[in-house]
Structure formats: C-alpha cells, structure tokens
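Fold and contact review
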Amino acid sequence: MLEVFDNKFTSQESILNEKIIPCIEAFHHEQLKSIQELTSKIIDSAKNYKTKNPFEKLIHEYDLSSKEGVVLMCLAEALLRIPDNQTIDDLIEDKIPSGKWKDHISNQKDLFVNISSIAFMFSGKIVERSEDHQSIFHNLLKQMSEPVLRSAIKQGINILAKQFVFDQNIQQANHRAQQWPDTRYSFSFDMLGEAALTYIDAERYYQSYKEAILATAIDNSKGNSVSIKISALYPRYERNKLDACMKELLPKIISLVALAQEHKVDICLDAEEADRLNLSLILIEKLFEQKILSEEYKGFGLAVQAYQKRAGNVIQYLNTITLKYQRKINIRLVKGAYWDTEIKLAQELGVEDYPVFTKKFLTDLNYLYCAHLLHQSDYIFPQFATHNAFSIAYITQLFSDKPYEFQKLHGMGDEIYSYFDKQPNFRCRVYAPVGGYNDLLPYLVRRLLENGANTSFIHQLKKGGKTQEELIQSPLDKINQIKNIEIPKPIDIFQPDRLNSKGTDFSEEKVIHQYSQEIKNYKNKASSLVEGIEHPSSNYLPIYKPYANEELIGEVSFANQTTVLQALEALTAYSSIWKNTAIEERTQIIEQFADQLELHTHELVYLCAIEAGKTYKDGIADIREAVDFCRYYAHQAKLLFTKKILPGPTGELNELQIKGKGLSLVISPWNFPVAIFVGQLVANLVCGNVTIAKPAEQTSLIAFHVFKLLLKAGLPPQASSLLLGKGEDICPPILHHPSLENVVFTGSLETAKIIQGQLLRQNKIVNLIAETGGLNCLISDSSALTEHVVRDVIISSFNSAGQRCSACRILCLEENIYKKTITMLKGALDCLAIGDPTHLSTDVASVIDQAAFNKIKNHIKKFNNFYQSPGELPNAGYFIKPTIIEIGSLQDVSEEIFGPVLHVVSYRSSNLKKLCEDINQLGYGLTLGIHSRIDHTINTVINTCSVGNIYVNRNIVGAVVGAQPFGGQGLSGTGPKAGGPHYLSRLCHEYSVSNNTTAMGGNATLLTNLSE
Ligand SMILES: Cc1cc2nc3c(=O)[nH]c(=O)nc-3n(C[C@H](O)[C@H](O)[C@H](O)COP(=O)(O)OP(=O)(O)OC[C@H]3O[C@@H](n4cnc5c(N)ncnc54)[C@H](O)[C@@H]3O)c2cc1C
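Residues numbered from 1 in each chain as written. Predicted model: local features only at pLDDT ≥ 70, side-chain atom pairs only at ≥ 80, totals over all residues. Heavy atoms only, no water.

The subject of this paragraph is the site of the ligand. Neighbouring the ligand are 31 residues; G336, T386, H387, E450 and F457 lie closest to it. A337 is positioned such that a nitrogen or oxygen atom in its backbone is 2.9 Å from an oxygen atom of the ligand. At 2.6 Å from an oxygen atom of the ligand is found a main-chain nitrogen or oxygen belonging to F457. Within the complex, the protein chains bury 94% of what would otherwise be the 960 Å² of accessible surface of the ligand. Sorting the residues of the shell around the ligand by element identifies β4 (300–305), β5 (329–334), α15 (360–375), β7 (405–409) and α18 (441–452) as the ones contributing at least two each. Considering only residue class, the shell around the ligand consists of twelve nonpolar, ten polar and nine charged. (Near = heavy atom within 4 Å. Polar contact = N/O pair within 3.5 Å; in protein donor to acceptor, adjacent residues only side chain to side chain. Areas by Shrake-Rupley, 256 points an atom, 1.4 Å probe, with all protein chains shown as cover. Helix = DSSP H or I, 4+ residues; strand = E, 2+ residues; numbered from the N terminus. Nonpolar A, V, L, I, M, F, W, Y, C, P; charged D, E, K, R; others polar.)

Okay, structure coming up:
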C-alpha cells in the first residue's frame, strides 16, 4: 500500500526503463507486426465509416481546433443554464458574430453541416453589435429575429448536448439501453453532475445513484451497470478530511455497494483527480476489510487512470488485496480525463514533479503496461476504455486467451469500433451519461477537449493530418522523444529568471505524516535585533494562541527608545557600505535567504499556525510567497542595477545608473506574517537600503524567527535591524529621522494616513509606499456557473478567516441567480470545518485577537438578515462563524471588516455599468472579481472599475509574485505593485552620467569605426 501512496512524482524515465519496457518489450517485439496490421484495419474501417448521424458530422466539423468550435463550446457550456432571456441574447450576441462560419460551407460537406453553418453565419450578422450597424432596418431585423434566433440556437445546442447525453432520466435510459439492437453492447449509466458542493447536493446525488441502481435492476438482461463519482457523494472528498470521509462518506459508499450487490447490478467508481487517489484506495480497502463484498458478487469495480505514474502500482495493490480477500472485481482502465488540470495544479502547487506523464506516448505505453498487469491477475476482470486504435489492437492481441471487454463513450468512438461490427465475440460497454442538459457542462467540456486536443488519437485520425504510418506507429518506437522537454517541471516554470517556490502537497501520505508530528525546539522568546544582537528590554509579555487563548506559546520583549536609537545609529553608520556593496553580493544573500526559508518551512508553518492562527495550507502559501519575493526581487535587482547606456550624439557616453537611497523603514501586518514582512524587507535590502523592520506586534515570534534566518543567510547584521513593538511607540523617532528615505507600509488606511502626516514634518519628501485594505467585490452575472461562483466565493471570503486584504467582502449577484446562489453558498458554508489550525482538516481558524473579534461581532450585530451555520464553536479563542449578510445596497457596507464576513447584494443586468460606478464610489480599489461567460460584460467591468487587481472567472485571492503583482489604488494604496516589475525602482535613486569622451583628445571611436 505504501508504495502506491509514496510514488506520486516518480520520474517518468525510471517508470519507463524499470517497469514499462521490461514488462512489455518481449510481447511487443513478437506481436508488433500483427498489432500494426490490426491497427491499420481499425483505422481504415474508421476512415470509411459513414456516420448516419448528421449531428456527429456537425460536431466533427466544429471541433476545438477551429475558432468556431470553441465558440460553440462556449455557447453549449452556458446557454442551457442561463435563466433570463436578456443574458441569453447577450451571450449569443457575444459569441456568434466572432466566428468565421462561411469557411465551413462547401460542396463536399454534409447538407446538415452546411445548413447549420449558413444559419450560424446569418445569426452572426443579425446579432452583431448595433454600435457597428446603425441602420433602422438592421435594428428592426434584430428585434424581430432575436426571440426566434434564441430558440433556434437553444435548439441547436440541445442537439449538441443530445450527442453526448444518452437520455434525460434513468428510466428512459434503461429502456433505451434495453432496446439497443446490437446485443454485444451493454451500458454503464453515469448520472450527470459533478462534485457536490453542499450536503444537500450530495444527498441528491446519492439518491439518484440509488435510483439508478434500482432502475437498472428492473430489467438487466444486458448486464448494464452504474458509474459513480465519489466526489458527488460528499462535498469534502479530500484527503485532509479523512476522518470525516470515514464517518460520513464511507457509509454511503457501503450502502450503494450493498444495494448494487443485492440487486445484482455492477457498479464502477470513476477515477477523479490525482490528489484523491490515496483517499479512494483507503476507502476501497475498507470495503474489503469490512467484508462488504460477497464472494458471489463480481460486480464491484473502479477506474484506474493510466496517465498517472502510480497506475501500475495501483493495479498491483488491487491485485494483492483481491487475492488476500479472495474477491473478484472489475477494473476499467482509462487514460484519464483531467490531464490539463493536473498539470496546472502541480505548477500552482510548486510540487517536485507531475503526478501524470507529460508525454502522450508514455501515457499510451503505461496503458499497455497496465494491461499486462491486468492480464496477470485472476481476480480482476479488465475493462478497456479507449478510442485509440493502437491501444485497441494491442489489447485484442494480448487478451486473445482471456475474457475482457472494451468500453467507449456514448457519442464517441463509433467509427473506431466499427471494425468489430461483424465480430460476434466482441464485447463493448457504452458509458452513457444520463441527466438534464443543464448538468452537462463539465462532462461536455471534458469530451470536447478530448475531441479537440492535438494529441488525442480521435483528433489525429480526423483532423491531425497524420499518415497511416504515423497513426499505426507504436508508442514504444517514440521513446527517443523522452528528452524533448515541452512542459517544464513545476519548479522551473519561471526559469530562466528564477526558481518557483517549493510547494507542499497535503494529499501525500509522507507530508501528512510529517505535518502531524509536533514541532519541538523552536525559539519561543523574541526580542529586537540590532547589529545581530538581541536587545530585550526589562519585561517580557506573554503570547497566547489566538485560537486557544489560555495556551502560552512564548514571550516577547518590545524595543524601548534606547534600542530604537541604537538601531538608527548603527544603520546610518553602515548605510554607504551597504549601498556600495556589489549587487551580486546583495542578490546572493537574498537568494540564500529564500533557500533558508524553504529549509525551515515546517517550523515556520507551525509558528504561523500557533501565533497567527493560520491553517497549514495558508501558512505554506505565506512562506512560498516570501520565497518568491526573494527570488523575484533578486532577479529584478540584477536587471535594474545593470548600467544602461543611453543613446546620444557621438563623442559622449551617457549612462543611467541605479543606487539605493539610504535608510528605509518597513512596517508589516500580522495577516501575512512571513510574505509581506519578507517582501518589503528584501526589496529594500536588495536595493542597498539599510532597513528597519517593524513587524506587527501580534506576530513578533514569527518575525524574530524569520529575521534570524536572514542573518543566517549571510546578511551583514549592520544592514538591518528588527524592532519589535507597537508602531506608535517605535515608529515616531524613525519617521522623524533625517536619514529616512523610504517608508513601506502595509496595514490599515487609518495608520497609513498617520504615517503620512508624520512624514510631512520631515524637511524633505520621504517616499511612502502604502498598501491598505479594500472593499473588494465579486460580480456574477447569470451566465456564470453557480458551483464555480460558490467555490470561488468561499475561497475568497473565508480562507484565512477572511483576514486578507484581497478577500471578497461583497458579492454582487445578478437578480435572476440570486436565490439559487445564496442557497448554495449557505450550503457550502455548512461544509467548512472551524477549529484548530494545526489540524489539517481545519478550513477556518480564529481571527487574530480580541480587538478584531469585538469589531467583527459588533458589525454582524448591526444586521438582521445574516446566516451562520449551526453548530458550536471551540470554547477558547477568537472564533467567529463564517457569516453571510444579505444587504439592500452597496452603501450598507462603509468600511472594511477584516474577518470571515461576506455581504451579498443583488443587481439587475441592465444596471451593470451603474453597479461598477457604485463600486468605484466606495473609494477603494484593491481586488475585484467578475464571473461571466460574456466577453462584453467582462470588458465592461474591466473598463469601468478602478481597481488594482481584477480576476476573471476565478477566486480573487492568492496573488502570485511576478505573475499577478498585487496592489491597489484610491483608498487601497499608493502602488507600485508588490511583486511587480516597477517596485524596486521606487526604492532607489537614478543617476545619469554623461561623459564627453572627446575631451581627452578627439573622437577616436567615430574615426576608427568609419569604413572607406
Ligand atoms: C467508458 C469510459 C469511461 C471513462 N471513465 C473515466 C474515469 O472514470 N476517469 C477519467 O479520468 N476518465 C475516464 N474516461 C475518459 C478517458 O480517460 C478518456 O476518454 C481517455 O483518456 C481517452 O483515451 P484514448 O485512449 O481514447 O485516447 P488517446 O487520444 O490515445 O489518449 C488520450 C490520453 O492521453 C493523455 N495525454 C494527452 N497529452 C498528453 C501528454 N502530453 N502527456 C501525457 N498524457 C497525455 C490525455 O490526457 C488522455 O488521457 C472514460 C472513458 C471511457 C471511454
């Protein structure tokens, strides 16, 4: 079992050389000729296959390799679920005119395809935006045609949906399957819908699976089966929720298995994302352990994804337990449907490698390797779900002596399997999606991606322009391509500039084990550091956990005025040395600091949890951001500090140089106790500014610990001082000091203004960079997918207990989706676990302190219409239940409430522009989100709202250094953006040096460089 769990990122080379090749080589060598002959026949048959289904032809015409295919997918994805006609019209108007429909009309094409293309072409002309077509006639035509058009296009999309959906309900689906004329085919019903977000949705899906099993049992001479997505049965099907899954999800799986067993219906658990694999195997092992499966029942099955590097181990593991418990099961071998998601997730997470192969031929080879493993098993009945002719031919050859079945998707693969039309022994099961077209989206998107991807066999067969030789080529003959790097490792995505920060994958067993261990030996006493020496004052103050406020975690001694003055003196004395230290040396220290932070991630994460109440996931993100700041600013500094030669008349040399300014003061908040503290500090240090770091008093332990690492990384102790304490005690003498050049502050608007006021007393103009809060809004129109909106709002509003400057404070919902979205939001709120941040299962911990607690509580009290989930909070600690407050207008919220509180307001789609203007009127301008499928709506929001960071169709938190630089405008801050290309130059002086090179004896360069 452990091997399955711990090899998620094994290198693909080693799997190829140590597992795949030794296993398949001999058979491959012996059988290749006949496999290729069969592949060729399958391909010929597919090429000659004339679909009787005109809709299939339409889909092939408009696959995702064409812009129009993408347009149709966008329409199909959104149109059927939009409740209001206005938004439907907007969507059609947005998408259809952008296609070149004319290019799809030709004599060679099917009549239905041509008629459809002509229809799309005219639709496009009718709905083109009237700004471009002012004629009365055009507008008249448009008005007359819109309702007709709307229903025609809706009809068209329904047809598209029908291609992929077997039937609208399980009874009809079962009936249709029973009537299927070809008896060699059976069906596996998949109840449409994806991961449940709420307990209510999960219960609905659970009931629909029960209904599906019972309906299938009524008349099941064909041996039809039911496919089950575990993520639909439980809203938190995640490895870090293992205990809850055991308690609440496992009984549901057991009851479905028992029902299926009782009614002799086969079931198959679909394979989902890679980070759910371990959990799924833990759950499945329980079925065996608890002896749920009877000896007679051979209908339990699960899907295994061959694109995952662990697939072979999973099969070997299943082999072992089936043997151990003497139970027979089915395995549906697929290649996998979430490849692009896996690649993106791994890059975002910064993990060491990908859980999936990054070469298509390796996925193909692993599929064959897994087939060999299945061939060796006596307890597993293999089911091969593929539309790839070579894979099919290989399996046919390999399993000539053993029973198995093929599987294909409804609406796909008919041509590929047409070769077997006349073969009596052929067995194939059709994966048949059942449900309303409204639930079609995620399924449809996966299928269309599969059809359209360049690497997909089906695509290559139809559109890829591959020769027959290429199509029948064995994946084993492509292994010399393994060294071609097309997708860099997650750690290298920012290369050659810098390394990505290392992430932590909390779905991995060894990580879970590591983070479950208690941390010992961290220093839990902090004081200020001047010239590297601790400067405790006479008394120490106790520090308690914010989530268990009677538990002492350390002590802090705040700096007194003498220490502040000592720091100022030491830094001023060292300023010119640091300013003139070579840039290479400064950047090297900052890069070494990044390495130190990574080396000490575990203890820092622990400190962030106990002192700031950050969950482990939030802690990791905080440290990664700090590491990214170090590497990014080091790289930026190398560019910035390179002398630039400027153009000018001959005989002179014009150079632009950059230098640090002198003394900086950086004041950072407690909510990102590592990232913001480090970011502001290293930006100044790398520029050559001697710097005083004044972290928030609430997170002194963390700051002390981090600062020590900076010294360990090699920073000369005279270059920076850490001053712990309250801003009002520590900052005034610094703000008034004549050497002060820069102040970088992140915190409240109120404090920023106080600092600004104090700086006015300076004789000179001191540079102030301030990042303050925001009243951040997320707008969703009715074309957005509710599940998607809810997922992103929950992350944006409640991660880090809402204590992020970027957090979503106000959700603006188009009135037609208001009720549905609010209901789902409340349901999703009920699924959040509130508690101790050192538990991996915790989603929301406490807020930072008593003052924050009081302020948030008082704010909630002002409203009548608010929702909090039932249930008790932990006794001790500043816990606030995540809260949703329904408000009448934006004006009901006048100030930023820094906690887990979301306000929700509705708006009318015709008032979108006004809504954006009202958002501007709030005066803040930090983050903003828009969820919509309509480009015109997205652009209206982008062009009207004055905010620093706009996020489209995603959550609005989690800025990424260098990729999504962060910072606002108006009441939200001064800019430049942290983690952006303009940050460092604000902290430096520029020098221009112009040298008359002719002064010492004429213009030698001009004269010597001339040709005859
Ligand atoms: C009956 C049935 C049930 C299914 N159930 C599931 C399920 O439970 N879970 C699930 O995830 N999928 C499931 N699928 C979808 C299945 O994964 C895809 O249909 C399948 O991947 C297509 O494989 P192929 O052999 O037909 O196509 P091919 O075109 O030969 O292969 C496509 C595969 O290659 C992968 N690939 C593409 N580019 C690369 C690359 N650069 N590096 C590595 N790999 C690459 C793709 O991600 C995909 O997995 C099911 C399919 C069927 C037919």
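Having seen the model, we can carry on.
Among the residues of helix α33 (residues 912–921), L912, L915, C916, D918 and I919 are the ones counted as buried. For α33, the angular spread of buried residues about the axis comes to 160°, placing them on one side. Against the buried residues of α33 lie β21 (776–780), β22 (808–814), β25 (901–907), β26 (927–931) and α34 (935–944). Following α33 by one or two positions, G923 has its phi on the positive side, about 95°. (Buried < 20%, exposed > 50% of the residue type's maximum accessible area, 1.4 Å probe, protein only. Arc of directions from axis to C-beta. Contact = heavy atoms within 4.5 Å.)

Moving on, we get to the side chain of N278. Examined against the element boundaries, N278 turns out to sit in helix α12 (residues 277–289). Engagement of the side chain of N278 in a polar contact is seen with the backbone oxygen of S507, the distance being 3.2 Å. Dropping the residues within four chain positions of it, N278 is found in contact with V4, F5, R310, S507, E508 and E509.

By definition, the strands of a sheet pair up through backbone hydrogen bonds, in either a parallel or an antiparallel sense. Pairing is antiparallel in the open sheet, where three strands are placed in the order β14-β15-β28. The two strands at the open ends of the sheet, each matched to only one other strand, are β14 (644–646) and β28 (988–996). The average angle at which neighbouring strand axes cross in this sheet is 30°, direction not considered. Of the strand pairs in this sheet, strand β15 (residues 652–660) and β28 are connected by nine bridges, and their pairing is antiparallel. Counted as the bridge partner of E652 is N996 from β28. (Pairing = 2+ DSSP bridges. Axes fitted to C-alpha atoms, helices over the stretch in contact; angles between N-to-C directions.)

We now examine the packing of aromatic side chains. The final tally for this structure, using the stated rule, is 28 aromatic pairs. Considering the side-chain rings of F166 and F189, the 6.4 Å spacing of their centres and the 40° angle between planes classify their relative orientation as tilted. Placement of F166 in the loop between α7 (136–164) and α8 (170–179) and of F189 in strand β1 (residues 185–191) is noted, with a sequence separation of 23 residues between them. The pair formed by F166 and F189 is uniform in burial state, with each residue classed as buried. Arranged with centres 5.9 Å apart and planes meeting at 55°, the rings of Y632 and Y633 form a pair that is tilted. Aromatic ring contacts, followed pair by pair, group Y185, Y367, F384, F399, Y404, F406, Y417, Y419, F420 and F426 into a single cluster. K335 extends its terminal NZ or CZ atom over the ring of Y367, reaching a point 5.2 Å from the ring centre. (Phe/Tyr/Trp six-rings, centres within 6.5 Å; stacked < 30°, edge-to-face > 60°. Lys NZ or Arg CZ within 6 Å of the ring centre and 35° of its normal.)

Reading across the sheet, the seven strands line up as β23-β24-β25-β22-β21-β26-β27 and stay open at both edges, with mixed pairing between neighbours. Strands with a single pairing partner mark the edges of an open sheet, and in this sheet they are β23 (866–868) and β27 (949–952). For this sheet, the mean inter-axis angle between neighbouring strands, taken without regard to orientation, is 20°. As paired elements, β26 and β27 share four bridges and run parallel to each other. Within the sheet, the bridge partner assigned to I930 lies in β27 and is V952. Of the strands in this sheet, β21, β26 and β27 touch α34, which is tilted by about 165° from β26.

A separate point is the pairing of strand β13 (residues 548–556). Here strand β9 (residues 525–526) runs beside β13; their pairing, made up of two bridges, is parallel. Residue K525 lies in a different strand from β13, and its bridge partner there is E555. Examined bridge by bridge, strand β12 (residues 541–545) and β13 share five bridges and lie antiparallel to one another. Following the sheet pairing, I543 is matched in β13 by G554. Taken together, β12 and the strand that follows it, β13, pair antiparallel across an intervening segment of two residues.

Take helix α11 (residues 242–262) next. Three- or four-residue spacings in an α-helix give side chains the same orientation, since the helix completes a turn every 3.6 residues. For α11, with 21 residues, the first-to-last C-alpha span of 28 Å sits near the 30 Å given by 1.5 Å per residue. The largest bend in α11 is about 40°, located at L249, with the proline P251 one to four residues further on. The secondary structure elements touched by the buried residues of α11 are α9 (199–218), β2 (225–228), α10 (230–233), β3 (266–269), α12 and β4. (Expected span 1.5 Å × (residues − 1). Bend = angle between axes of the 7 residues up to and from the residue.)

What follows covers the pattern of salt bridges. Per the stated rule, a full pass over the model turns up 40 salt bridges. For K286, the salt bridge identified is with E289, shortest N-O distance 3.1 Å. With K286 and E289 both in helix α12 and three residues apart, this pair spans about one turn of that helix. On the basis of relative accessibility, which here comes to 24%, the residue K286 falls in the partly exposed class. E591 is paired through a salt bridge with K638; the nearest N and O atoms lie 2.9 Å apart. Here E591 is found in helix α23 (residues 583–599), whereas its partner K638 is found in helix α25 (residues 616–640), with 47 residues between them in sequence. A relative accessible area of 27% places E591 in the partly exposed class. A relative accessible area of 37% places K638 in the partly exposed class. (Salt bridge = Lys/Arg side-chain N within 4 Å of Asp/Glu carboxyl O.)

The full count for this structure, using the stated rule, is zero disulfides. Not part of a disulfide, C245 finds its nearest cysteine sulfur in C831, a span of 11 Å. Here C731 is not cross-linked by a disulfide; its sulfur's nearest cysteine counterpart is in C805, at 18 Å. Owing to a relative accessible area of 5%, C731 belongs among the buried residues under this scheme. (Disulfide = S-S within 2.5 Å.)

Next up on the list: the nonpolar core. Counting 142 residues, the largest nonpolar core has F593, L597, Y633, V678, V743, I779 and L984 as the members making the most contacts within it. Looking at this core, the element that brings in the most residues is α25, giving eleven residues. Look past the residues within four positions of F593 in its chain and what remains in contact with it is C630, V678, V682, V706, L709, L710 and A713. In terms of nonpolar packing, the next biggest core, distinct from the first, is built from 113 residues, A202, I292, L368 and I395 among them. (Core = buried A, V, L, I, M, F, W, Y, C linked by side-chain atoms within 4.5 Å.)

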